Amino acid sequence: MDAVGGKRDIKSLTLEELKKEMEEMGEKTFRAKQLYEWMHVKLARGYGEMTNIPGSLRERCEERYAYTSVRQVRLQESARDGTKKFLFELADGNTVESVWMKYKHGNSVCISSQVGCRMGCAFCASTLDGLERSLLPSEMLDQVYMITRLTGERVSNVVVMGMGEPLDNYDNLIRFLHLLTDENGLHISQRSLTVSTCGLVPQMRRLAEEGLQITLALSLHATTDEKRREMMPVARRYCLEELMEACAYYRERTGRRVTFEYSLAEGVNDSSREAEALAGLAGPLDCHVNLIPVNPVEERGFRASTGERVLAFKNKLEKNGINVTIRREMGGDIDGACGQLRRKALR
Ligand code: SAH
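Residues numbered from 1 in each chain as written. Predicted model: local features only at pLDDT ≥ 70, side-chain atom pairs only at ≥ 80, totals over all residues. Heavy atoms only, no water.

On to unusual backbone geometry, then. One non-glycine residue with positive phi stands out, namely L43, at about 55 degrees. When you line up the elements, L43 lands in the loop between α2 (30-40) and α3 (55-64). (Helix = DSSP H or I, 4+ residues; strand = E, 2+ residues; numbered from the N terminus.)

What follows is the structure, given as structure tokens:
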């Protein structure tokens, strides 16, 4: 378990672990339940809010454990669709982005899993300065918790599609998923969670064996190894064949349909032939395809496919029997693309 400044991170502990800690401290175990409730249900920002915990225990906890919390440093709100993009500061001064989206079926939050990223995708802003560090389970929770507090509305879906590569922070991600779905906490349904990966094959296979009912999204973006290697350095490590096998394995082990994400860049990967090839990959695996017109990033040369080309691409997939959606372009007026708000603030 990760420590913060030499102290254990209390919000990343499971209820069982917290009970053991209380025992070791010579405290009653029901205190664990109380502390856990303050952290994961009442979403307290610190021990100070925990009114039914005796002051002496709060002080002992303060000495013994780190208590993470995030601070809102920027907020951009879309006038178009109400999407809110938050820039949160962590205890060490690093910042991460999280996005709140309102849908008919409930509120969805997109969270970051790392500060920066080391995957190096050619179209992505989050990776421009490399990886700073991975987030703790508590720091992933804090994004959901703070947004719940700030909006005053329940979050029903969480997607790990913000900054960072979640499967490059595997153990912390799994712990986060367990805490977020725990019946003693916010109790968000596993089926309402999505983890997006650039395609780290061994971790995808491991995730299939965790016994979780979450959705796995694979950022595919290309239909040949050659093209994919140009866009995503990770494709040099794992070829399409291995990736497709890992998706099939995920499907088989979990019974969950895998999603392919495909960002459309004009003249790069948006031809009709590529739509056919994508259908050829998605069809046998019964994958859902999510099309995203690429978000232009200043430092990157990619341009979004025109609306017309996106529609033609979608139609082609549908004609081939593929289940496809176009990602609603939420917050397009507020630096929607990953990592852009943080970069702006850094400058
Ligand atoms: N590292 C994970 C999750 C973070 S990125 C992954 O690669 O899946 C979330 C999604 O946004 C990925 O599909 C990613 O490829 C895509 N993405 C990143 N930058 C983008 C941009 N400028 N335009 C469109 N999609 C982008």
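Moving on: helix α5 (residues 170-181). Helical geometry note: an α-helix holds 3.6 residues per turn, so side chains three or four residues apart project in the same direction. A rise of 1.5 Å per residue sets the reference length of α5, with its 12 residues, at 16 Å; its end C-alpha atoms lie 17 Å apart and thus fit the reference within 8%. Most of α5 sits inside the fold, with 10 of its 12 residues counted as buried. What α5 keeps buried is the set Y170, N172, L173, I174, R175, F176, L177, L179, L180 and T181. Contacts made by the buried residues of α5 are with α1 (15-24), α2, α4 (137-151), β10 (157-160), β11 (193-197) and α6 (201-208). (Expected span 1.5 Å × (residues − 1). Buried < 20%, exposed > 50% of the residue type's maximum accessible area, 1.4 Å probe, protein only. Contact = heavy atoms within 4.5 Å.)

Glancing now at the side chain of N94. Counting through the fold element by element, N94 comes out in the loop between β5 (84-89) and β6 (95-103). Residue N94 is classed as buried on the basis of its relative accessible area of 16%. Those residues in contact with N94 that sit more than four places away from it in its chain are F88, E89, V115, E132 and R133.

Sheet architecture is open: 10 strands sit in the order β4-β5-β6-β7-β10-β11-β12-β13-β14-β15, paired in mixed fashion. On the outer flanks of this sheet lie β4 (71-77) and β15 (323-326), each paired with one strand and no other. Taken over all neighbouring pairs, the strand axes of this sheet differ in orientation by 20 degrees on average, direction set aside. Note that β11 and strand β12 (residues 215-219) share four bridges and pair parallel. Paired with V195 across the two strands is L216, which belongs to β12. Helix-sheet contacts for helix α8 (residues 240-254) involve β12 and β13 (259-264), and the interaxial angle to β12 is about 170 degrees. (Pairing = 2+ DSSP bridges. Axes fitted to C-alpha atoms, helices over the stretch in contact; angles between N-to-C directions.)

All right, on to the sheet that holds strand β3 (residues 65-66) then. Ordered by their spatial adjacency, three strands build an open sheet running β1-β2-β3, and the pairing between neighbours is mixed. At either margin of the open sheet sits one strand with a lone partner, and together these are β1 (3-4) and β3. By the bridge criterion, two bridges tie strand β2 (residues 7-9) to β3 in an arrangement that is parallel. For R8, the partnering residue across the bridge sits in β3 and is Y65.

None of the figures reported here should be taken as evidence of function without further support.
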